[in-house]
Amino acid sequence: MAVRILVIRFSAFGDVAMTLPVLDAIAHNYPQYHFYMLSDAKFASLFEHCPANVHFIGVDIQQDLHRLRDLIHLAKQLLPYRFNYVADLHNVLRTKILRLTLIGLNRHFAHINKGRFAKHRLTRRYRKVRQPLRPTIERYRQVFLALGFDCTYNYRGYFDGKAPDPSLFALVTPPKKKGEKWLGIAPFARYKGKVYPMEKMYCVVNYFATQQGFRIFLFGGDGNEKASLSQWASALPSTTVVAGMLSLKGELALMSQLDMMLSMDSANMHLASLVGVPVVSIWGATHPYGGFSGWQQPEEYAIQMDLPCRPCTVYGNWKCFRNDYACMETLPSEQIIDTVKRLLAAPVPSGTLWNLAQLPEDTSAGYGKTIVVAEEWRHCLKLCENINLIFDQQGSIIQQARNTTKRLAYNNIDLVIKSYKIPIGINRLIYGFLRKSKARRSFLYAKKLLQCGIGTPAPVAFVEERYFGFLYKSYYVTLMSVCRHQLREIILTESSSFDRSAIFDALAKLAATMHEHGILHKDFSMGNILFSLDNNAAVYLELVDLNRMFFGSIGMRLGCKNFERIMGTDAELSHIVRRYAELRHFDTQKCISLALRYRAQFFRKKRLSYSG
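Caption draft 1: Quick peek at the sheet that holds strand β4 (residues 85-88). Reading across from one edge, β3-β2-β1-β4-β5 is the order of the five strands in this open sheet, with parallel pairing throughout. Every interior strand has two partners, whereas the edge strands, β3 (54-59) and β5 (108-111), have only one. In this sheet, neighbouring strand axes are inclined to one another by 20 degrees on average, regardless of whether the strands run parallel or antiparallel. Here β4 pairs with β5 via four bridges, running parallel. Counted as the bridge partner of Asp88 is His111 from β5. Relative to the sheet, helix α2 (residues 20-29) contacts β1 (4-8), β2 (34-40) and β3, its axis offset from that of β2 by approximately 160 degrees. Contacts from helix α5 (residues 93-102) reach β1, β2, β4 and β5 within the one sheet, and its direction differs from that of β4 by about 170 degrees.

Have a look at this one:
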């Protein structure tokens, strides 16, 4: 049966356009799966050049999604598709209700984290925290990562790196002449705080229109915008109005032939970016730090005033704090002209606006991150600062169950990173306020074991992420163990290449040493004990999975009970416990009897729990 993934994104044109690089890359990486994009029907042509396994489901948002019963009706229409995964790239009340109505068996859900707290700190009037936040396109990718779909940004543009058919824009202009410079200008945006004053923008258009070898194309919407641009074009040479003249596909084809686009923070900025055109963008009330810059547009291509009140809004829909829109009104047109001239003459750079590997985590009033790195491994701090991105994108999986463990090479060091499952329900409160996280306990317990001469992989760091104090994610980082075998291999393979007696003696000595130091590993099982043999056949053991420990006096009964998870025959367990009793000066027969009885009880309960 085909695997189907529903992708939801409504909202503004630019926000939907930004889904293309991620959706295209995911669809190429997973050609055997089918991706269904649910969005406004008027955006359908945006997805025409996606891979064949991308399908579009269009709805009329203005007419059909106003009431609760409309959403329920839409959900009923979607149920026959039998989606296996739902990726909500919008995460508003409308999509939350839609997700709720789609809940059922064999469906996995993930939704975007918009970083609202961090955006509030970036845009609030006082005590702003000005730092680049995670780009929206990267937030989209994180949703797919949460569902288990990885991708690299291999998007080659709307036309997939091919030249579009000139007939698509023949209505407004013939093909480009050799040596001619085509400059697109999109002077409009939805909100006043994102629009450069018209009289100043006219000066910019006038300058380039009167330069030899330039042809100017004016982009905008139909109606009033088209009327204003037509007045400009009638008074200026070599100027063509595109607004309202071409289909979306035609506009994109024309944009792909531009040498540069000059735009506000608007949909045209995103569309030009998606066809691989350099975009000089003008920012007023909004800021590139908010994460809405054009796809792969360098930082130097953003023009903005350095005012203490900026940015005052994420989307541009808030009223100016100063009531004078100084961020746009005081920006000289000469600065825009000089920037466009300079960048047109320079080589076109590549690369995204912000280097994701150097981005700090979104911080906010509700978000907190704790990083503790062992002193001898301070050079791994950068890894820990970006551990969620690095863990998602790099490394090879060692184990994936409730928690995920990966092996990763970093600065020529072999590391192991364990990502603990996000706590649910009351556990988020418990681990946030009442108990140490599993990652923190593992780090601290490893240090204590090493101080006592007990083997365990060297602890490097732990990282905790919290929202309003509630634990969200935690990671534990260690060196790769020098031991390459699990003790369970002795039982499962019965390999003659190992000296079983010597290994069992070493296990008894390990347990005795732990217990003498008042340490009891609550998950003391063959899978959590690693071993290796040196050239002299000496056995070396290391303990892993350390988050469950008991510290205190450990007598004979508690010590023998600690062997209840050890597999093997009764004779093998008796051998281990006999040696353990000798090392701790306990009654040998009594210890063997206790250990065998505790183990039988443990596995009996385990069988009952499975059968129940």
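On we go from here.
Caption draft 2: A look at the environment of Cys483. With respect to the helices and strands, Cys483 occurs in the loop between β17 (470-479) and β18 (485-486). Those residues within four positions of Cys483 in sequence are excluded, and the remaining contacts are Leu530, Phe531, Ser532, Tyr540, Leu541 and Glu542.

Caption draft 3: Geometry of the environment of Glu582. Among the structural elements, Glu582 can be located in helix α21 (residues 570-584). Each C-alpha atom, one on Glu582 and one on Arg107, is 56 Å from the other, the two residues being 475 residues apart in sequence.

Caption draft 4: Highlighting the sheet that holds strand β21 (residues 539-543). An order of β18-β20-β21 is seen for the three strands of this open sheet, with the pairing classed as antiparallel. The outermost strands of the open sheet, each flanked by one partner alone, are β18 and β21. Across five bridges, strand β20 (residues 529-533) lies against β21 in antiparallel orientation. Considered in β21, the bridge of Ile529 is made with Leu543.

Caption draft 5: Structural view of the pairing of strand β16 (residues 459-467). Summarising burial for β16: eight of the nine residues are buried, a large majority. In this sheet, β17 lies alongside β16 in antiparallel orientation, the contact comprising eight bridges. Its bridge partner lying in β17, Glu465 is registered against Lys473. Following β16, the chain reverses through two residues before pairing antiparallel with β17; Phe468 in that reversal takes a positive phi of roughly 55 degrees.

Caption draft 6: Looking closely at the side chain of Arg441. Position of Arg441 among the secondary structure elements: in helix α17 (residues 438-451). The residues touching Arg441, leaving out its near neighbours within four places in the chain, are Tyr431, Arg435, Lys436 and Asn547.

Caption draft 7: Seen up close, the confidence of the model for the protein chain. Summarising the model, the protein chain shows a mean pLDDT of 88, and 94% of its residues fall at 70 or more. Counting contacts from residues 351-365, a segment whose pLDDT is below 50, to residues more than four positions away or on other chains yields 53 contacts.

Caption draft 8: Examining the packing of α2 against helix α7 (residues 136-146) more closely. Between α2 and α7, the least distance of the axes is 9 Å, while the angle of their chain directions is 35 degrees. The handedness of the crossing between α2 and α7 comes out as right-handed. Between α2 and α7, the contacting residues are Pro21, Val22 and Ile26 on the first element and Ile137, Tyr140, Arg141 and Phe144 on the second. In terms of residue class, the contact of α2 with α7 is made up of six nonpolar, no polar and one charged.

Caption draft 9: Summary view of a positive patch on the surface. Judged by side-chain charge, Arg402, Lys421, Arg435, Lys522 and Arg548 come together as a positively charged surface patch. With respect to the helices and strands, the residue Arg548 is situated in the loop between β21 and β22 (549-551). Residue classification places Arg548 among the partly exposed residues on the basis of a relative accessible area of 37%.

Caption draft 10: Quick peek at the packing of helix α8 (residues 198-209) against helix α13 (residues 333-345). Two elements in contact, α8 and α13, have axes separated by 9 Å at closest approach and are oriented at 35 degrees. Crossing handedness for the pair α8 and α13: right-handed. Across the interface between the two elements, Lys200, Cys203, Val204, Tyr207 and Phe208 of α8 pack against Ser333, Ile336, Ile337, Val340 and Lys341 of α13.

Caption draft 11: Region of the structure containing a nonpolar patch on the surface. Taken together, the side chains of Phe117, Ile426, Leu429, Phe433, Leu434, Phe468 and Phe470 make up a nonpolar region of the molecular surface, amounting to roughly 710 Å² of accessible area. Among the elements that make up the nonpolar patch, the one with the highest residue count is helix α16 (residues 426-434) (four residues). Positionally, Phe433 belongs in helix α16.

Caption draft 12: Region of the structure containing the environment of Phe586. Relative to the helices and strands, Phe586 is located in the loop between α21 and α22 (588-611). Under the relative-accessibility criterion, Phe586 is labelled partly exposed at 22%.

Caption draft 13: Highlighting the pattern of salt bridges. A full pass over the atoms with the stated rule returns 21 salt bridges. One salt bridge in this structure joins Arg342 and Glu300, with 3.7 Å as the shortest N-O distance. Here Glu300 lies in the loop between β10 (279-283) and β11 (302-304) and Arg342 lies in helix α13, a separation of 42 residues in the sequence. Judged by relative accessible area, Arg342 falls into the partly exposed class, the value being 45%. Measuring nitrogen to oxygen at the nearest pair gives 3.4 Å for the salt bridge that ties Arg579 to Glu582. Here Arg579 and its partner Glu582 are both found in helix α21, three residues apart, which amounts to about one turn of the helix.

Caption draft 14: Highlighting the packing of aromatic side chains. If you walk through the whole model with that rule in mind, you get 25 aromatic pairs. Taken together, a centroid distance of 4.8 Å and an interplanar angle of 5 degrees make the contact between Phe13 and Phe43 stacked. One end of the pair, Phe13, is in helix α1 (residues 13-17); the other, Phe43, is in the loop between β2 and β3, with 30 residues separating them in the sequence. Ring pairing ties together the aromatic residues Tyr30, Tyr33, Phe35, Tyr85 and Phe149, which thus form one cluster. Against the face of Phe391 rests Lys406, its NZ or CZ located 5.1 Å from the ring centre. The residue whose ring lies beneath Arg597 is Tyr598, and the NZ or CZ to ring-centre distance is 5.6 Å.

Caption draft 15: Structural view of unusual backbone geometry. Cis geometry marks the peptide bond from Arg310 to Pro311; its omega dihedral reads -10 degrees. Structurally, the position occupied by Pro311 is in the loop between β11 and α12 (326-329). One non-glycine residue, Arg82, adopts positive backbone phi at about 55 degrees. Within the secondary structure, Arg82 sits in the loop between α4 (68-78) and β4. A relative accessible area of 54% places Arg82 in the exposed class. Although it is not a glycine, Asn412 sits at a positive phi angle of roughly 65 degrees.

Caption draft 16: Expanded view of α5. Of the residues making up α5, those classed as buried are Thr95, Leu98, Arg99 and Leu102. Buried residues of α5, viewed axially, fall in a sector of 100 degrees; they line one side. When the buried face of α5 is taken as reference, the exposed residues oriented beyond 90 degrees from it are Leu93 and Leu100. Against β1, β2, α4, β4 and β5 lie the buried residues of α5.

About the thresholds
Residues numbered from 1 in each chain as written. Predicted model: local features only at pLDDT ≥ 70, side-chain atom pairs only at ≥ 80, totals over all residues. Heavy atoms only, no water. Pairing = 2+ DSSP bridges. Helix = DSSP H or I, 4+ residues; strand = E, 2+ residues; numbered from the N terminus. Axes fitted to C-alpha atoms, helices over the stretch in contact; angles between N-to-C directions. Contact = heavy atoms within 4.5 Å. Buried < 20%, exposed > 50% of the residue type's maximum accessible area, 1.4 Å probe, protein only. pLDDT = per-residue confidence, 0-100. Left-handed = near helix turned anticlockwise from the far one by under 90°. Nonpolar A, V, L, I, M, F, W, Y, C, P; charged D, E, K, R; others polar. Patch = residues over 30% accessible without salt bridge, like charges linked within 9 Å, V, L, I, M, F, W, Y side chains within 5 Å. Areas by Shrake-Rupley, 256 points an atom, 1.4 Å probe, with all protein chains shown as cover. Salt bridge = Lys/Arg side-chain N within 4 Å of Asp/Glu carboxyl O. Lys, Arg positive; Asp, Glu negative; His and termini not counted. Charge placed at Lys NZ, Arg CZ, Asp CG, Glu CD. Phe/Tyr/Trp six-rings, centres within 6.5 Å; stacked < 30°, edge-to-face > 60°. Lys NZ or Arg CZ within 6 Å of the ring centre and 35° of its normal. Arc of directions from axis to C-beta.

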